[in-house]
Amino acid sequence: MTHSEKTGKKEQPIPSLEELSGELRREKFRRRYRKLLRSTIYALVVVAAVSVLIATLLLPVLEIYGTSMKPNLTEGDIVVSVKSPSLETGDVIAFYYNNRVLVKRVIAAGGDRLRIGEDGVFVNGKRLDEPYARGTTASGGFGTQEQAVPEGCAFVMGDNREHSKDSRNMA
């Protein structure tokens, strides 16, 4: 009696050399495929993490809401902002106010003297050339007297002057 007859199992035929080499090729392919798939997933995760860090820390992406910057920026526009320590008159900036991100234009920086009247906006005695502004520039709650912008602050206004809540209303 043979061993297979005693155990009740069928004997498996010994695979040929071609079958063994084919199985070895399949196994090597499977390992290469898994390794490539794993490295691709790791690379995608790293790229996504770096993209999120850049988008939140260096170049925040914002969507424009409201009409205060019309017609230069309209509702639904997507903009990329660049963080900078310095502000100049005419720069468009984004900032937090009352837990909202606002996008406005810098009109005057700290230390500048500012007057807003029906005849325009004057900074340090000179009328600003504002080709970007639309509507009449009323003083709002700011008043028509010349006032100094406090150091470390900026005076900002929306381009759509008649429909913008800005430094005129917050002063």
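Scroll up to find the structure this text is about.
Values in this document were obtained by computation on a predicted structure and should not be read as measured data.

What counts as what
- Residues numbered from 1 in each chain as written.
- Predicted model: local features only at pLDDT ≥ 70, side-chain atom pairs only at ≥ 80, totals over all residues.
- Heavy atoms only, no water.
- Helix = DSSP H or I, 4+ residues; strand = E, 2+ residues; numbered from the N terminus.
- Rg over C-alpha atoms; globule rule 2.2 N^0.38 Å.
- Buried < 20%, exposed > 50% of the residue type's maximum accessible area, 1.4 Å probe, protein only.
- Contact = heavy atoms within 4.5 Å.
- Areas by Shrake-Rupley, 256 points an atom, 1.4 Å probe, with all protein chains shown as cover.
- 1 Å grid on protein atoms, 1.4 Å probe; cavity = no way out; pocket = protein on both sides within 12 Å on 5 of 7 lines; lining within 4 Å.
- Points joined across faces, edges and corners; volume = space filled by probe spheres on them.
- Nonpolar A, V, L, I, M, F, W, Y, C, P; charged D, E, K, R; others polar.
- Phe/Tyr/Trp six-rings, centres within 6.5 Å; stacked < 30°, edge-to-face > 60°.
- Pairing = 2+ DSSP bridges.
- Axes fitted to C-alpha atoms, helices over the stretch in contact; angles between N-to-C directions.

S.K.: What am I meant to see in the overall build of the protein chain here?
M.R.: A tally of regular secondary structure across the protein chain gives 3 helices and 9 strands. Secondary structure of the protein chain in N-to-C order comes out as α-α-β-β-β-β-β-β-β-β-β-α. In terms of C-alpha radius of gyration, the protein chain reaches 34 Å, well past the compact-globule figure of 16 Å for 171 residues. With the principal axes as the frame, the protein chain shows a C-alpha extent of 115 × 25 × 25 Å. Counting across all 171 residues of the protein chain, residues that qualify as buried make up 25%. In the protein chain, 54% of the contacts between residues at least 6 apart in sequence involve partners at least 24 apart. As displayed, the protein chain offers around 12,500 Å² of accessible surface, 57% of which is attributable to carbon and sulfur atoms.

S.K.: Mind showing me how you'd approach the layout of surface pockets here?
M.R.: Gaps left between atoms are located by rolling a probe of water-molecule size over the structure's atoms. Approximately 540 Å³ is the volume found for the largest pocket. Around the largest pocket, the lining comprises 20 residues; the ones closest to its centre are Leu 62, Ser 81, Val 82, Ile 93 and Ala 94. Mapped by element, the contributors of at least two residues to the lining of the largest pocket are β2 (78–80), β3 (92–97) and β4 (100–109). Here the lining of the largest pocket takes 5 residues from β3, the largest share from any one element. Of the residues contributing to the lining of the largest pocket, the split by class is 14 nonpolar, 4 polar and 2 charged. Lining the second largest pocket are 17 residues, and of these Tyr 65, Arg 100, Val 101, Leu 102 and Lys 104 sit closest to its centre. Secondary-structure elements contributing two or more residues to the lining of the second largest pocket are β1 (61–63) and β4. The greatest single-element share of the lining of the second largest pocket, amounting to 5 residues, is contributed by β4. Looking at side-chain class alone, the lining of the second largest pocket contains 9 nonpolar, 4 polar and 4 charged residues.

S.K.: Hey, could you run me through unusual backbone geometry in this one?
M.R.: Excluding glycine, residues mostly carry a negative phi; peptide bonds, for their part, are mostly trans. Residue Pro 71 is reached from Lys 70 by a cis peptide bond, and omega for that bond is 0°. The backbone of Asn 98 sits at a positive phi, close to 55°, despite the residue not being glycine. For Asn 98, the location among the structural elements is in the loop between β3 and β4. Of note, the phi angle at Asn 99 is positive, near 60°, even though the residue is not glycine. With respect to the helices, strands and loops of the structure, Asn 99 is situated in the loop between β3 and β4.

S.K.: Whenever I open this one, the packing of aromatic side chains confuses me. Can you help?
M.R.: Within a pair of aromatic rings, the relevant descriptors are the distance that separates the centres and the angle that separates the planes. As enumerated under the stated definition, the model contains 1 aromatic pair in all. Measuring from ring centre to ring centre gives 6.3 Å for Phe 29 and Tyr 33, while their planes differ by 20°; the resulting arrangement is stacked. Highlighted residues: Phe 29 and Tyr 33, both in helix α2 (residues 17–58), separated by 4 residues, approximately one helical turn. Residue Phe 29 is classed as exposed on the basis of its relative accessible area of 51%.

S.K.: Help me understand the sheet that holds strand β9 (residues 154–157) in this model?
M.R.: By definition, the strands of a sheet pair up through backbone hydrogen bonds, in either a parallel or an antiparallel sense. Sheet architecture is open: 3 strands sit in the order β3-β4-β9, paired in antiparallel fashion. Each of the sheet's edge strands pairs with one partner strand only, and the pair in question is β3 and β9. The sheet shows a mean angle of 60° between the axes of neighbouring strands, direction not considered. As paired elements, β3 and β4 share 6 bridges and run antiparallel to each other. Bridge pairing in β4 links Tyr 97 to Arg 100.

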